[in-house]
Structure formats: structure tokens, C-alpha cells
Amino acid sequence: METKVKDILELATTIPVLDLAYPNIWPCITFHFYSENGSLFGAGTATEESAMCQVDIWSKVKTDAVKLAIKSVKQAIVSEKYFSYPTMDNDFETATKIYHTNINFQLIKESEV
């Protein structure tokens, strides 16, 4: 799942996608999964897995390029067959003076069995 999401994000924008919990370059994109679980059980095993994913877009200045990246990432998520429609939140973190957009969505991965 991680590789697929990272590939989608990298294709959607030229902003770097980092494998970090908190960024060290600006602007950048990070992401993580939470609430991973099995669903649609059959014969005692999960026939598919689902997870929530949060994509974070970080910037020190909200430029047109960053706004376009947010729009492009959202559209890439919407176009995926097994991703739910994303919810978004925009925030300015006053303590760090960083713009932070987070996009949350659910994804489903069918079992390979």
C-alpha cells in the first residue's frame, strides 16, 4: 500500500514526497497510514484490507505551485478506483509558521489469496 500511495503522490506533483514523520525541506509531502484492518472475512481469513491514509502537504509560503499541488493530489486520490473521496483540512501552524494541508481518505486492498 505504501508504494502505491507514494507513486501516486509523486506522479501528481513535483513537490518531493518524503519518508519522514515531520518535514525538513519546504514545500514537501508526507503521508502515513492509520486504522488498518481486515474486512469481508471468508473462511476465517480477511478477503480484503482497509486503511485510512493521511497525506500532509507542508509549506512555509502558500504559493500558486503549492495550491496546484494540493489540487493535483486531491484529484489523483479521487481518480483511484479503491480510494474513498478525500476530506481536507487547511491550517496555519502559528508556533512554527508553517502551512499544513492534510488530506484523509480510506483505501481498500484486496487480498492476494
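Let us look at the structure shown here. Owing to the predicted nature of the structure, the values given are computational and were not obtained by experimental measurement. (Residues numbered from 1 in each chain as written. Predicted model: local features only at pLDDT ≥ 70, side-chain atom pairs only at ≥ 80, totals over all residues. Heavy atoms only, no water.)

**Things to note about the environment of Ala69**
Turning to step 1, where the next piece is worked out: Note on placement: Ala69 falls in helix H2 (residues 64-79).
Turning to step 2, where the next piece is worked out: By relative accessible area, Ala69 is classed as buried at 1%.
Turning to step 3, where the next piece is worked out: For the pair formed by Ala69 and Leu9, sequence separation is 60 residues and the distance between their alpha carbons is 9.4 Å.
Turning to step 4, where the next piece is worked out: When near neighbours in sequence (up to four residues on either side) are disregarded, Ala69 contacts Thr13, Ile15 and Ile57. (Helix = DSSP H or I, 4+ residues; strand = E, 2+ residues; numbered from the N terminus. Buried < 20%, exposed > 50% of the residue type's maximum accessible area, 1.4 Å probe, protein only. Contact = heavy atoms within 4.5 Å.)

**Structural notes on the packing of aromatic side chains**
Turning to step 1, where the next piece is worked out: One pass over the full model with this rule turns up four aromatic pairs.
Turning to step 2, where the next piece is worked out: An angle of 65° between the planes, with centres 5.1 Å apart, marks the rings of Tyr22 and Trp58 as edge-to-face. Here Trp58 lies in strand E2 (residues 45-59) and Tyr22 lies in the loop between helix H1 (2-12) and strand E1 (28-42), a separation of 36 residues in the sequence.
Turning to step 3, where the next piece is worked out: The class of Trp58 is buried, set by a relative accessible area of 5%. (Phe/Tyr/Trp six-rings, centres within 6.5 Å; stacked < 30°, edge-to-face > 60°.)

**Topic: the side chain of Glu93**
Turning to step 1, where the next piece is worked out: Counting through the fold element by element, Glu93 comes out in strand E3 (residues 87-93).
Turning to step 2, where the next piece is worked out: The buried charged residue Glu93 lacks any salt bridge, with Lys60 as its nearest oppositely charged partner at 10 Å.
Turning to step 3, where the next piece is worked out: In this view, Glu93 contacts Tyr22, Trp58, Ile98 and His100; residues no more than four positions away in its chain are not counted. (Lys, Arg positive; Asp, Glu negative; His and termini not counted. Salt bridge = Lys/Arg side-chain N within 4 Å of Asp/Glu carboxyl O.)

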